[in-house]
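So the chains spell out like this:
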Amino acid sequence: MKRSAAAIHGWLLLLPAMAILALFTHWPAFATLVDSFYSTPRPRRPQKFVGLDNYGYLLSDPVFWQAVSNNLWFAAWTIPASIGLAMLMAVLVNDRIFARGFVRMAYFTPTVLPMIAVANIWLFFYTPQYGLLEQILGLLGFPSHNWLGSKDTALAAVTMVAIWKEAGFFMIFYLAALQQIPPNLSEAAALEGASRWTFFRRVQFPLLMPTTLFVLINAVINAFRMVDHLFVLTRGGPDNATTLLLYYIYEVGFSFWDTAYAASLTAVLLAVLAFTALVQYGVLEKRIHYR
Amino acid sequence: MRVAETYGPYEPRGTGRLLESIAAWMLAILWILPLAYAVWTAFHPPEFSVRFDPTAPLTFDNFTRAWSAAPFARYFLNTIILVALVLASQLVLCTLAAYAFARYEFPGSSIAFALVLAQLMIMPDVLIVENYSTLNTLGLVDSIPAIALPYVASAFGIFLLRQTFKTVPKELDDAARVEGASALQTLLKVYVPLAKPVYLAYGLVSVSYHWNNFLWPLIITSSVESRPLTVGLQVFSSTDQGIDWAIICAATLMTSAPLLVGFLLFQRQFVQSFMRAGIR
């Protein structure tokens, strides 16, 4: 085939997907940045260029800072907890324990359920006085507590749901990676007299690093994307105690219809995601050993 | 799965195996507890919602009440149409694009590929404000295609299929061309059949994702005619159903049932699909 014909064929094959991507990914990402420098168009006040005004407002908006700190807290707990639990689960179901099939299914099931549906179940679970959690804690002699209604515990309560949902999903990647570790490594380690903990720490854990990188990137993205459960559990409350960044964007954009300010908030979220991508490709990929 | 029957030196035996099993079991019970609780509540009369009496009578009543309390039949239909529309469009668009990236050399292909990969980080999920305004301009707000459109060109699908197509021996491609097959015929006759497991994996992941997706459909739909199950469930459980947990749990299980049953029946395929789709 001639080069020019190949080029035309190639671009024709690519065209439909590229057109959709341009319209619903590249253009909106660009338009977000542009709109963040304009005011929100209103019926009697057309959109006009306002420079950095939206960002100035953002810096002085206490709810924005609350959302950022909530989101960082949410990320700081969900990422290590779900990855740690996933690793533990994978190590457990990789061994020949009793009823391994059931255990594996129990860990993985939350992954296939809709977040909005499981949030309903968790709402019931957390219900003051007669929810299951309250009943169990009551039996153990703890006083009643409104887990979702109190500012001190609401964020922790929604974070629990996210960890529960994610750990089983990450487990399967660790399980696959564990099964690919050649058995002669464990035989060699045993001959050297290494304890099981030493074997995990010095052999399995390092060999799992590429998987950990992959899971970590996913966990970071999810920490800034997972907001479905908030709609059922807390609606961002009480008093913005559980408002995450994307949830705040939704509120500003679709409850207050302040699209320009929502665009500036989205620009912040895009910056976080871009930074994650840079860290992934720039730093981590170079330092982690691939077989 | 492991084939060898011998135990590895670090696999627990005897008491160790029992202790590790108990630990794994406790975690498993903790993990399944919320779901088990919902199942209990959904299959018992409301007065047993928070009372655990093994002699409580079983009932299917909560499901029939939930089914008739909201247009769930319509929501199911909408979700099925949505999931089918998304998957069908994704398969076509991603296959064509992946073929171009895997087997054609053309100017700008690496830039185009980088532009595709950008979507792995900047997902439609976070571009809700601008995508709403685009669809508003197109006059598509509150329709099922509007829910689907931002997702039909999936960077993830393109990447996955490109990797697979690259492993197809070039000789098979050449042989088909020698016999006079066109580019599209070669794609359909040689590449697509060889990538079947990848299509299955991608299909399962895509169906689960879009069956469960919530935020974007919530924003873009406003009527019963286009609302998918997840949004329907949210509307149903947030309006005046506040106290009747039995009926909410029934509706919740109903919404998740197709995926849950599919998962229980085809556990291995599900797990392997999610794994295959994840390891790049």
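Residues numbered from 1 in each chain as written. Chains lettered and ligands numbered in written order. Predicted model: local features only at pLDDT ≥ 70, side-chain atom pairs only at ≥ 80, totals over all residues.

### A few points about the overall build of chain B
Secondary structure summary: chain B contains 14 helices and zero strands in total. What you see in chain B, going N to C, is helices and strands ordered as α-α-α-α-α-α-α-α-α-α-α-α-α-α. A compact globule built from 280 residues should have a C-alpha radius of gyration of about 19 Å, whereas chain B, at 24 Å, is more than 25% larger. Projected onto its principal axes, the C-alpha coordinates of chain B cover approximately 75 × 65 × 30 Å. Scored against the burial criterion, the 280 residues of chain B give a buried share of 42%. Look at the contacts in chain B between residues 6 or more apart in sequence, and 76% of them connect residues 24 or more apart. (Helix = DSSP H or I, 4+ residues; strand = E, 2+ residues; numbered from the N terminus. Rg over C-alpha atoms; globule rule 2.2 N^0.38 Å. Buried ≥ 20, exposed ≤ 12 C-beta atoms within 10 Å, placed from the backbone. Contact = placed C-beta atoms within 7 Å.)

### With respect to the overall build of chain A
Secondary structure assignment for chain A yields 13 helices and zero strands. Along its sequence from the N terminus, chain A presents helices and strands in the succession α-α-α-α-α-α-α-α-α-α-α-α-α. Here chain A has a C-alpha radius of gyration of 24 Å; the compact-globule value for 291 residues is 19 Å, and the former is much larger. For chain A, buried positions account for 45% of its 291 residues. Counting only contacts in chain A whose residues sit at least 6 apart along the sequence, the fraction spanning at least 24 positions is 70%.

### Section: the confidence of the model for chain B
Should pLDDT be low for a region, the predicted coordinates there are not to be read in detail. Residue and element names in this part refer to chain B. The predicted model of chain B averages 86 in pLDDT, with 94% of residues at 70 or higher. Ranking the elements of chain B by mean pLDDT puts helix 14 (residues 267-278) last with 72 and helix 6 (residues 144-148) first with 95. Predicted complex, confidence summary: ipTM 0.87, pTM 0.89. (pLDDT = per-residue confidence, 0-100.)

### So, the packing of helix 7 (residues 154-179) of chain A against helix 10 (residues 209-223) of chain A
Residue and element names in this part refer to chain A. The N-to-C vectors of helix 7 and helix 10 enclose an angle of 165°; their axes lie 10 Å apart at closest approach. Here helix 7 lies roughly antiparallel to helix 10, going by the angle between them. Here helix 7 runs over helix 10; the crossing is right-handed. Here E166, F170, F173, Y174 and A177 of helix 7 lie close against helix 10, whose contacting residues are T211, F214, V215, A219 and N222. Across the contact of helix 7 with helix 10, the residue classes break down as seven nonpolar, two polar and one charged. (Axes fitted to C-alpha atoms, helices over the stretch in contact; angles between N-to-C directions. Parallel < 35°, antiparallel > 145°, perpendicular 65-115°, else oblique. Left-handed = near helix turned anticlockwise from the far one by under 90°. Nonpolar A, V, L, I, M, F, W, Y, C, P; charged D, E, K, R; others polar.)

### Focus: the nonpolar core
A86, M171 and I249 of chain A are the most contacted members of the largest nonpolar core, which has 169 residues in total. The biggest single contributor to this core is helix 7 of chain A, with 16 residues. Formed jointly, this core draws a minimum of three residues from each of two domains, domain 1 (14-65) and domain 2 (72-278) of chain B. Look past the residues within four positions of A86 of chain A in its chain and what remains in contact with it is A167, F170, M171, Y174 and V215 of chain A. (Core = buried A, V, L, I, M, F, W, Y, C linked by C-beta atoms within 7 Å. Domains from an automatic or database assignment.)

### A look at the interface of chain B and chain A
Taken together, the contacts link 81 residues of chain B with 78 residues of chain A. If you tally residues by element for the side of chain B that touches chain A, the top one is helix 1 (residues 14-42) of chain B, at 13 residues. Grouping the amino acids of the side of chain B that touches chain A by side-chain chemistry returns 57 nonpolar, 17 polar and seven charged.

### Quick word on unusual backbone geometry
Even without glycine at this site, D239 of chain A takes up a positive phi of about 55°. With respect to the helices and strands, the residue D239 of chain A is situated in the loop between helix 11 (228-233) and helix 12 (245-254). Phi at D142 of chain B is positive, roughly 65°, even though this residue is not glycine. Structurally, the position occupied by D142 of chain B is in the loop between helix 5 (128-137) and helix 6. Given 14 C-beta atoms within 10 Å, D142 of chain B falls into the partly exposed group.

### Digging into the domain arrangement of chain B
Residue and element names in this part refer to chain B. The assigned domain composition of chain B is domain 1 (14-65) and domain 2 (72-278). Put simply, the middle of domain 1 and the middle of domain 2, counted by C-alpha atoms, are 33 Å apart. Taken together, the nine residues of domain 1 in the interface contact nine residues of domain 2. Among the elements of the structure, helix 1 and helix 2 (61-69) are those that each provide at least two residues to the side of domain 1 that touches domain 2. Among the elements that take part in the side of domain 1 that touches domain 2, helix 1 stands out by supplying four residues, more than any other. Taken together, the residues of the side of domain 1 that touches domain 2 break down into five nonpolar, three polar and one charged.

### Quick look at the environment of D53 of chain A
Residues and elements named next belong to chain A. Take D53: it is sitting in helix 2 (residues 53-59). For D53, a count of 16 C-beta atoms within 10 Å gives the class partly exposed. Considering only alpha carbons, one finds D53 and P206, 153 residues apart in sequence, at a separation of 48 Å.

### Focus: the packing of helix 2 of chain B against helix 13 (residues 245-265) of chain B
All names here are of chain B. At a minimum axis distance of 8 Å, the contact between helix 2 and helix 13 shows a crossing angle of 80°. When the axes of helix 2 and helix 13 are compared, the pair comes out roughly perpendicular. Taking contact as the criterion, the partners of N62, F63, R65, A66 and A69 in helix 2 are, on helix 13, A246, I247, A250, A251 and M254. Looking at the contact of helix 2 with helix 13, its residues break down into eight nonpolar, one polar and one charged.

### Notes on helix 1 (residues 3-35) of chain A
For helix 1 of chain A, built from 33 residues, the straight-helix expectation of 48 Å at 1.5 Å per residue is missed by more than 12%, its first-to-last C-alpha distance being only 41 Å. By the largest-angle criterion, L15 of chain A marks the main kink of helix 1 of chain A, which is about 50°, and a proline, P16 of chain A, follows within four residues. (Expected span 1.5 Å × (residues − 1). Bend = angle between axes of the 7 residues up to and from the residue.)

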